[in-house]
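Survey of secondary and tertiary structure
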Amino acid sequence: MAALNRSTLRRLQNLPQIPSVWEGDRRPLSNADSHMMLEDDDAPEEGGECILWVDGSEGVVRAMDMVGPDAGPEAIVRALLRAMEHPQSPAPAVRPQKIVVKNREIQFYLRGVLQDLGISIDYVPELPLIDEIFRGMEEVAINRPPELPPQYAEVLIEKAAHIWHDAPWRTLSEHQIISIEINQWDVASLYVSVLGQGRMDYGVLLYRSLESLKRFRERVVNDESFEDLEQAFLGQDCLFLTFESATDIDEDDEEEIDLADLPPSEIEPNFGNLHPLEGLRSILYEEEALTMLVALEAFHRFFRNSRRKLGAETFPNLNSRYRIPVPQSDGEIQQVSVKVSTMPEVSEELLQMLGDDDDDDDDDDEFEMPLLRDDLVPQNSFLSLGAVPWETVEFLRTTVQFHQAAEIDINTAGDGLPVVMIQTSHPKAKTMIQDLKEAGGVKAIGFNPGENPFEDEQYDLGILQTKNGDLYLFGEFNENDPVHQEARQKWERRCKLTNGWCGLVIAKGLMGASRGQPQFKDMVALFEVRWVSAKELGIGPLQLMPMF
């Protein structure tokens, strides 16, 4: 048995002792009970046990702890010491004259540990005050509503799965707003803003008013402090659907893991409500659940039917009507008529709001966007220079998910089309293709000299130019690497045979057996583009600059 050290004993002995009787106990709780009492991150996964120390004379809780079922008897002593020295209720630090428990093992253990503190420890069959506290917690847990109404939970989760599969964030930005006219359950229209193009938080926000949406965007643009942003967040008036990993992710890995890389079975939807007077509520009541059900299904149908048009360079003016079936409590099906429309004018207004904020920084040359961007090719992608046989090129032209054809017939000389092969995960490959489509496609590929003056190193920078004029870094090669030099020389000789044509192949399967050697089935996009020299790129040698 562990014993208190002498300095702790002296400190406790110096506390004033009052003629009060404290009740103490340790009891198992259900998951519902434990999560009701503590923040979700702190509650043990298996429900755990609750330790309570209550001053029976004053009727106040002095200490409460949640511990795992495997925690030893030391846990109840730790809670007791805190109850004496640092009570959670507004009460002075004191020693009780007497302690009563209803567990013989706890009684004998406390007698051994506290024998020098002059506290009487007795056994009693009942602890009326603690019994009353636990009964109250059980009643609250029983009466607490579920996160989703049981009769709609399954269908809502199904609708959420449709949205995750649609991945509207690959097409729509947050400022591109879509309205859903419902006219049911005291809701006239909802205004949908899609989260996810930043590849951090994925989901949809369904605002109850345009005023709330615009006010939030304006505050995000103008407010800088964390407190201001938190108030702006809580001031929204919307329903929401967000997604998170169904399994715990370590904090160290959280920023590196993109949910889009996880299989659908590991994705979990979260529903909730935000309102200026309610704050954040992760529970949907019946009418809110019905509204969410109709809105998600309508948005899913609209996005599925209009995906190509929505991906255009200019946000189009579109609208459609749908009849959404809604299950009733009596087993009948109600048909709800909704109208879904894009809102180009509102979207332009929100974009202008962001543009005005960007203009504030234009006067400071230190913060101009870099000439060469590095946010296209996902981190940890597998990159190679090589050639694809002409027979394979013909096959890929008809089988890949996306094909950008050359403007003229390519001269099929040599052993194949010289290509840059980028292999990544399937979700990231889709995002990369979408990004390139939004940029108008790929215009050219070339190499440009670069240097790191701090390490006296010279580099060969692989550069991809999109049709809207942006330049992206796809690879950084040490100029003195003989393997790269040989591969590049072969690649450029092949480009000369094709009269300056080459290809970009995007492949999936980075984590599978085909890593580094993608098969036909792994190749999802083929861009046929021009090869350009460093002189034609016209940007000159690039130098790594320090970041301050």
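The structure contained in this document is the topic of the report that follows.

Concerning the overall build of the chain
Within the chain, the regular secondary structure consists of 15 helices and 22 strands. Going through the 548 residues of the chain one by one, you find that 46% of them count as buried. At a minimum sequence separation of 6, the contacts of the chain that also span at least 24 residues come to 68%. Looking at the chain as shown, the accessible area adds up to about 29800 Å², and 47% of this sits on carbon and sulfur atoms.

What about the packing of helix α3 (residues 74-85) against helix α4 (residues 104-113)?
Between α3 and α4, the shortest axis-to-axis distance is 10 Å and the interhelical angle comes to 60°. Overall, the two elements α3 and α4 adopt an arrangement that is oblique. Helix-helix and strand crossings are classified by hand; for α3 and α4 the assignment is right-handed. Touching E74, I76, V77 and L80 of α3 are I106, Y109, L110 and V113, all from α4.

Describing a positive patch on the surface
Taken together, the side chains of R307, R308, K430 and K437 present a region of like positive charge at the surface. For the positive patch, the secondary-structure elements that each account for two or more residues are α10 (286-310) and α13 (426-438). Positionally, K430 belongs in helix α13. Residue classification places K430 among the partly exposed positions, given a relative accessible area of 33%.

Re the side chain of S193
Following the sequence through the fold, S193 ends up in strand β7 (residues 187-195). Given the relative accessible area of 0%, S193 is considered buried. For S193, the contacting residues outside a window of four places in its chain are E174, I177, G203, V204, L205, Y207 and R217.

A closer look at the nonpolar core
Generally speaking, nonpolar side chains in soluble globular proteins are found buried as a group. Residues I180, V204, F243, F271, F299 and V338 are the most contacted members of the largest nonpolar core, which totals 51 residues. Per-element tally for this core: the top contributor is α10, with twelve residues.

Points about the pattern of salt bridges
Under the criterion given, the structure shown has 24 salt bridges. Between D131 and R27 there is a salt bridge, with the nearest N and O atoms lying 2.5 Å from each other. With a gap of 104 residues between them, D131 in helix α5 (residues 128-143) and R27 in strand β1 (residues 17-28) connect regions that are remote in the sequence. For the residue pair D131 and R27, the accessibility class agrees, reading buried in each case. Put simply, D460 and R488 hold a salt bridge, and the shortest N to O gap is 2.6 Å. Of the two residues, D460 is situated in strand β18 (residues 457-466) and R488 in helix α14 (residues 482-497); the sequence distance between them amounts to 28 residues. Judged by relative accessible area, D460 falls into the buried class, the value being 4%.

Quick look at the side chain of D166
Relative to the helices and strands, D166 resides in helix α6 (residues 150-166). Of the side chains bearing the opposite charge, R307 lies closest to the buried D166, which forms no salt bridge; the N-O distance is 4.2 Å. Excluding residues that lie within four positions of it along the chain, D166 makes contacts with H300, F303 and R307.

Re the sheet that holds strand β9 (residues 238-245)
Strand order in this open sheet of eight strands is β11-β10-β9-β8-β7-β6-β13-β12, and the pairing throughout is antiparallel. At either margin of the open sheet sits one strand with a lone partner, and together these are β11 (279-281) and β12 (319-327). Each neighbouring strand pair of the sheet contributes to a mean axis angle of 30°, computed without reference to strand direction. Direction of pairing for strand β6 (residues 178-184) relative to β7: antiparallel, over a ladder of five bridges.

Points about the sheet that holds strand β3 (residues 60-67)
Hydrogen bonds along the backbone pair up the strands of a sheet, which may run parallel or antiparallel. With mixed pairing, the five strands of this open sheet are ordered in space as β3-β2-β1-β4-β5. Edge positions in the sheet fall to β3 and β5 (120-123), since each has one partner strand and no second. Strand-to-strand twist in this sheet, taken as the mean axis angle between neighbours without regard to direction, amounts to 20°. Across the sheet, α4 lies against β1, β2 (49-55), β4 (95-101) and β5, angled at about 165° from β5, the strand it touches most.

Side note on helix α1 (residues 6-13)
Residues of α1 that are buried: T8, L9 and L12. The buried residues of α1 occupy an angular sector of 100° when the element is viewed end-on, so they sit on one face.

Concerning α13
Taking 1.5 Å per residue as the helical rise, α13 with its 13 residues ought to reach 18 Å, and the 18 Å between its terminal C-alpha atoms agrees with that figure. When we look at burial in α13, the residues that qualify are P427, A429, T431, M432, I433, Q434 and L436. Tucked into the core, α13 has its buried residues touching β15 (402-404), β16 (417-423), β17 (442-452), β18, β20 (501-507) and β21 (523-532). Backbone geometry just after α13 places G440 at a positive phi near 90°.

Let's talk about the packing of α6 against α10
Look at α6 against α10: their axes get within 10 Å of each other, and the N-to-C directions meet at 25°. Judged by the inter-axis angle, α6 sits roughly parallel to α10. α10 is crossed by α6, and the crossing has left-handed handedness. Taken together, the residues of α10 that come into contact with α6 (itself represented by Q151, Y152, V155, L156, K159, H162, I163 and D166) are E286, A289, L290, M292, L293, L296, E297, F299, H300, F303 and R307. Its residues assigned to classes, the contact of α6 with α10 comprises eleven nonpolar, three polar and five charged.

A look at the packing of aromatic side chains
How two aromatic rings sit relative to each other is given by the distance of their centres and the angle of their planes. Enumeration over the complete set of coordinates arrives at eleven aromatic pairs. Aromatic side chains F299 and F303 sit 6.2 Å apart centroid to centroid with 35° between the ring planes, which places their arrangement in the tilted category. Of this pair, F299 and F303 both sit in helix α10, four residues apart, roughly one helical turn. Ring plane angle 45° and centroid distance 5.2 Å describe the contact between F402 and F527, whose orientation is recorded as tilted.

Things to note about the pairing of β4
Of all the seven residues making up β4, five are buried; the element is thus mostly covered by neighbouring parts of the structure. Pairing between β1 and β4: five bridges, direction parallel. Counted as the bridge partner of W22 is I99 from β4. Pairing of β4 with β5 involves four bridges; the strand directions are parallel. Pairing of V101 across the sheet is with Y123, part of β5.

Cut-offs used in this document
- Residues numbered from 1 in each chain as written.
- Predicted model: local features only at pLDDT ≥ 70, side-chain atom pairs only at ≥ 80, totals over all residues.
- Heavy atoms only, no water.
- Helix = DSSP H or I, 4+ residues; strand = E, 2+ residues; numbered from the N terminus.
- Buried < 20%, exposed > 50% of the residue type's maximum accessible area, 1.4 Å probe, protein only.
- Contact = heavy atoms within 4.5 Å.
- Areas by Shrake-Rupley, 256 points an atom, 1.4 Å probe, with all protein chains shown as cover.
- Axes fitted to C-alpha atoms, helices over the stretch in contact; angles between N-to-C directions.
- Parallel < 35°, antiparallel > 145°, perpendicular 65-115°, else oblique.
- Left-handed = near helix turned anticlockwise from the far one by under 90°.
- Patch = residues over 30% accessible without salt bridge, like charges linked within 9 Å, V, L, I, M, F, W, Y side chains within 5 Å.
- Salt bridge = Lys/Arg side-chain N within 4 Å of Asp/Glu carboxyl O.
- Lys, Arg positive; Asp, Glu negative; His and termini not counted.
- Charge placed at Lys NZ, Arg CZ, Asp CG, Glu CD.
- Core = buried A, V, L, I, M, F, W, Y, C linked by side-chain atoms within 4.5 Å.
- Pairing = 2+ DSSP bridges.
- Arc of directions from axis to C-beta.
- Expected span 1.5 Å × (residues − 1).
- Nonpolar A, V, L, I, M, F, W, Y, C, P; charged D, E, K, R; others polar.
- Phe/Tyr/Trp six-rings, centres within 6.5 Å; stacked < 30°, edge-to-face > 60°.

Everything listed here is a matter of coordinates, which is why it stays silent on function.
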